[in-house]
Amino acid sequence: LNLEERLIRDAKSFAAEATDFDEEELIARVYKTLGISVDDSASNNSPAAGHTQRPAEPKRI
Amino acid sequence: MIDIPWDRDRIEFIKTEVRTCTGAMYQYARFLCRDRRLAEDITQNAWVTIFKSLANPDQSTPSVEGANESAAAAIHEPIRNFKAYARRCVFNAFVDYLRAAGTRTGIGEVLLPEDEGHRIFRIDDKASEIVSSLDLRNALLQLDEEDRALVYLKYYKGYETAEAALEATGLTGSAAYRRHKAVLRRLRELLTTEEASD
């Protein structure tokens, strides 16, 4: 196999692995570690608070 | 938990960035270590680094492009390229893990993917494929951060070459394609060296 074929094959294997996690759980864990209250964003984003923002779109890194 | 007094703008900024970047940071961590739990730990540690660097104006923090404008303005050192900075923090957290006493000894070591350890011994015809894959991952870890990001974005995240080169290196036009070729050449050299030493 040439290099690009090896990369593509490895990327296929990675693609299956990369989505095997609970993103919301990890985000909650990071918030907790950083001492950020999740409730704040929920209340700030509630219709009662006058905001109806959609959650931010995930970024590609 | 980290206790840093932050104003509301910064808290909102970091909240948004955590929500939008954590999944991608996890995937990059997973690309580096190929282990779910470790990738989660690395992602968390990277966020701690980012959080502390944003809280400390004396630390050298790279600039971030595309960061939330008003919140970014509230940060002492505006970050111009948050995605690149996040990737670097993930990689540094991964290297810290490798260097930790009693765990791993150096960056040249590649973790065996969590679901592949048993296969090496059970399925002979898979062995060479897996060893080949480990050689590749080891070589990827030896690239510099920009080059590794270019390969990651192009081959593992499906970016076009120009898009990957721009995102990873800031290069455009023919320079982007030259960089891509140079990275592949470097990777081939690393693989040749590794395979010769096996």
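Above this note sits the structure.
To keep things clear, this report deals only with the structure shown in the data block. (Residues numbered from 1 in each chain as written. Chains lettered and ligands numbered in written order. Predicted model: local features only at pLDDT ≥ 70, side-chain atom pairs only at ≥ 80, totals over all residues. Heavy atoms only, no water.)

1. Thoughts on the overall build of chain A
Along its length, chain A carries 3 helices and 0 strands. Listed N to C, the secondary structure of chain A is α-α-α in terms of helices and strands. Classification of the 61 residues of chain A by burial places 28% in the buried group. Working note: accessible area of chain A is about 3800 Å², and carbon and sulfur atoms make up 52% of it. (Helix = DSSP H or I, 4+ residues; strand = E, 2+ residues; numbered from the N terminus. Buried < 20%, exposed > 50% of the residue type's maximum accessible area, 1.4 Å probe, protein only. Areas by Shrake-Rupley, 256 points an atom, 1.4 Å probe, with all protein chains shown as cover.)

2. Here's the deal with the interface of chain B and chain A
Across the boundary between the two partners, chain B contributes 56 residues, which contact 37 residues of chain A. Together, the buried faces of chain B and chain A total about 4400 Å²; carbon and sulfur atoms form 58% of this surface. Inspection of the region where chain B meets chain A yields 7 salt bridges. Close ionic contact of arginine 34 of chain B with aspartate 10 of chain A constitutes a salt bridge, the shortest N to O distance being 2.8 Å. Elements that contribute at least two residues to the side of chain B that touches chain A include exactly helix H1 (8-33), helix H2 (36-55), helix H4 (82-99), helix H6 (124-142), helix H7 (145-156) and helix H9 (173-197) of chain B. With 18 residues, H1 of chain B is the single largest residue contributor to the side of chain B that touches chain A. Partitioned by chemical class, the residues of the side of chain B that touches chain A number 24 nonpolar, 11 polar and 21 charged. (Contact = heavy atoms within 4.5 Å. Buried area = accessible area lost by both parts, 1.4 Å probe. Salt bridge = Lys/Arg side-chain N within 4 Å of Asp/Glu carboxyl O. Nonpolar A, V, L, I, M, F, W, Y, C, P; charged D, E, K, R; others polar.)

3. Overview of the pattern of salt bridges
Inspection of the entire model under this criterion finds 15 salt bridges over all chains. Of the charged contacts, one joins arginine 19 of chain B and glutamate 24 of chain A as a salt bridge, the two residues approaching to 3.2 Å between their closest N and O atoms. Taken together, the residues arginine 19 of chain B in helix H1 and glutamate 24 of chain A in helix H2 (residues 23-34) connect one chain to another. Given a relative accessible area of 26%, arginine 19 of chain B falls into the partly exposed group. In this structure, arginine 29 of chain A engages aspartate 41 of chain B in a salt bridge whose closest nitrogen and oxygen atoms are separated by 2.4 Å. Of this pair, arginine 29 of chain A sits in helix H2 while aspartate 41 of chain B is found in helix H2, placing the two residues in two different chains. Taking relative accessible area as the criterion, arginine 29 of chain A reaches 30% and is therefore assigned partly exposed.

4. What to know about the packing of H2 of chain A against H2 of chain B
Working note: a packed helix pair is described by the angle between its axes plus the distance between those axes. Where H2 of chain A meets H2 of chain B, the axes come as close as 10 Å, and the angle between the chain directions of the two elements is 40 degrees. By the criterion of interaxial angle, the relationship of H2 of chain A to H2 of chain B is oblique. Between H2 of chain A and H2 of chain B lies a crossing whose hand is right-handed. Of H2 of chain B, the residues touching H2 of chain A (which contributes Leu26, Arg29, Val30, Thr33 and Leu34 of chain A) are Glu40, Asp41, Thr43, Gln44, Trp47, Val48 and Phe51 of chain B. Residue composition of the contact of H2 of chain A with H2 of chain B, grouped by class: 6 nonpolar, 3 polar and 3 charged. (Axes fitted to C-alpha atoms, helices over the stretch in contact; angles between N-to-C directions. Parallel < 35°, antiparallel > 145°, perpendicular 65-115°, else oblique. Left-handed = near helix turned anticlockwise from the far one by under 90°.)

5. Describing the side chain of glutamate 17 of chain A
Tracing the backbone through its elements, the reader meets glutamate 17 of chain A in helix H1 (residues 3-18). Under the relative-accessibility criterion, glutamate 17 of chain A is labelled buried at 9%. Excluding its chain neighbours within four sequence positions, the residues that come into contact with glutamate 17 of chain A are Arg30, Arg34 and Arg137 of chain B.

6. What to know about the packing of H7 of chain B against helix H8 (residues 161-169) of chain B
Residue and element names in this part refer to chain B. The interhelical angle for the contact between H7 and H8, taken along N-to-C directions, is 145 degrees, at an axis separation of 8 Å. Where H7 crosses over H8, the two elements pack in a sense that is right-handed. Side by side, H7 and H8 meet where Glu146, Ala149, Leu150, Leu153 and Lys154 of the first sit next to Thr161, Ala164, Ala165, Glu167, Ala168 and Thr169 of the second. When grouped by side-chain class, the residues that make up the contact of H7 with H8 number 6 nonpolar, 2 polar and 3 charged.

7. Focus on the packing of aromatic side chains
A complete count under the given rule lists 13 aromatic pairs over all chains for this structure. Here the aromatic rings of phenylalanine 14 of chain A and phenylalanine 31 of chain B are separated by 6.0 Å at their centres, their planes lie at 80 degrees, and the arrangement is edge-to-face. Of this pair, phenylalanine 14 of chain A sits in helix H1 while phenylalanine 31 of chain B sits in helix H1, on two different chains. One exposure class covers both phenylalanine 14 of chain A and phenylalanine 31 of chain B, and it is buried. On the numbers, 4.7 Å between centres and 45 degrees between planes, the contact of phenylalanine 31 of chain B with tyrosine 152 of chain B is tilted. Remark: tyrosine 152 of chain B occurs in helix H7 and phenylalanine 31 of chain B occurs in helix H1; sequence separation between them is 121 residues. (Phe/Tyr/Trp six-rings, centres within 6.5 Å; stacked < 30°, edge-to-face > 60°.)

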